[in-house]
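The residues making up each chain are set out below.
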Amino acid sequence: KTDQARALAEKLDGTELEIKARTQDESGGTLFGSIKAKEIASELSSQLDTSITTKQINLPEPIKETGEYDITVALENDIEFNFHLIVSPQDNGQES
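An account of the accompanying structure is given in this report. (Residues numbered from 1 in each chain as written. Predicted model: local features only at pLDDT ≥ 70, side-chain atom pairs only at ≥ 80, totals over all residues. Heavy atoms only, no water.)

1. Here's the deal with the nonpolar core
Membership of the largest hydrophobic core comes to 25 residues, with the highest contact counts inside it found for Ile40, Ile57, Leu75, Phe83 and Leu85. Elements with a contribution of two residues or more to this core: helix H1 (2-12), strand E1 (16-21), strand E2 (30-35), helix H2 (37-48), strand E5 (67-76) and strand E6 (79-89). The element contributing the most residues to this core is E6, with 5 residues. In contact with Ile40, other than residues within four places in its own chain, are Leu17, Ile19, Ile35, Ile57, Leu59, Ile63, Phe83 and Leu85. (Core = buried A, V, L, I, M, F, W, Y, C linked by side-chain atoms within 4.5 Å. Buried < 20%, exposed > 50% of the residue type's maximum accessible area, 1.4 Å probe, protein only. Helix = DSSP H or I, 4+ residues; strand = E, 2+ residues; numbered from the N terminus. Contact = heavy atoms within 4.5 Å.)

2. Concerning the pairing of E6
The element E6 is extensively covered by neighbouring structure, given that 8 of its 11 residues are classed as buried. Pairing of E1 with E6 involves 6 bridges; the strand directions are parallel. What sits directly across from Lys20, in E6, is Ser88. The pairing of E5 with E6 spans 9 bridges and is antiparallel. In the strand pairing of E6, Tyr69 is matched with Leu85. What sits between the antiparallel neighbours E5 and E6 is a turn of 2 residues. (Pairing = 2+ DSSP bridges.)

3. Re the pattern of salt bridges
Enumeration according to the criterion identifies 2 salt bridges in this entry. Residue Arg6 is joined to Asp3 by a salt bridge in which the shortest nitrogen-to-oxygen separation is 3.8 Å. One end of the pair, Arg6, and the other, Asp3, are both in helix H1, 3 residues apart, so they sit about a helical turn from each other. A salt bridge links Glu18 to Lys20; the shortest N-O distance between them is 3.4 Å. (Salt bridge = Lys/Arg side-chain N within 4 Å of Asp/Glu carboxyl O.)

Here you go:
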């Protein structure tokens, strides 16, 4: 199991993940609500076809702004990897 975790960490280290979120205005900036470890774990798991839990995501506080973040995921005791999270404004689908 440790070998699998190590292989997964090597494979995913440096990965880039984008999450689109609703913002308070079209130019981006402040989010409606926030992005928590739960959303990151879910998105990471589905996009990378692996199982990441909320407890494995090292997120000191919820993300409340668009931007770029470096996140650490701890798979096992001393096995972890970093990935680059981009939080961008989602198209709010406003009608013209």
